[in-house]
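Here are the chains, one letter per residue:
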Amino acid sequence: MITCNVCGHLNPVGALVCENCGSDLSDCPDYGGFDEDDEFF
């Protein structure tokens, strides 16, 4: 999950903009913070 820096909304991995406020997620600490070996259900 990617936490939005602006509103704190939890967005799914791979999201480019926040589902709640529309802010760019690429500058969030969680963005791209997963390994290729991680499993997603």
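Side note on the overall build of the protein
If you tally the helices and strands in the protein, you get zero helices and two strands. Looking at the protein as a whole, 20% of its 41 residues qualify as buried. Restricting to contacts in the protein with at least 6 residues of sequence separation, those with at least 24 account for 16%. Carbon and sulfur atoms form 50% of the exposed surface of the protein, whose accessible area is close to 3100 Å².

Focus: the environment of Val17
Mapped onto the fold, Val17 is located in the segment after β2 (10-11). Measuring from C-alpha to C-alpha, the distance between Val17 and Ile2 comes to 9.9 Å, with 15 residues separating the pair along the chain. Setting aside residues up to four positions removed in sequence, Val17 forms contacts with Asn11, Gly22, Ser23, Asp24 and Leu25.

Thoughts on the side chain of Ser23
For Ser23, the position within the fold is in the segment after β2. Given the relative accessible area of 18%, Ser23 is considered buried. Dropping the residues within four chain positions of it, Ser23 is found in contact with Cys4, Val6, Leu16, Val17 and Cys18.

Things to note about the nonpolar core
With six residues, the main nonpolar core is built from Ile2, Cys4, Ala15, Cys18, Leu25 and Cys28. Ignoring sequence-local partners within four residues, the contact set of Cys28 consists of Ile2, Thr3, Cys4 and Asn5.

Rules of the game
Residues numbered from 1 in each chain as written. Predicted model: local features only at pLDDT ≥ 70, side-chain atom pairs only at ≥ 80, totals over all residues. Heavy atoms only, no water. Helix = DSSP H or I, 4+ residues; strand = E, 2+ residues; numbered from the N terminus. Buried < 20%, exposed > 50% of the residue type's maximum accessible area, 1.4 Å probe, protein only. Contact = heavy atoms within 4.5 Å. Areas by Shrake-Rupley, 256 points an atom, 1.4 Å probe, with all protein chains shown as cover. Core = buried A, V, L, I, M, F, W, Y, C linked by side-chain atoms within 4.5 Å.

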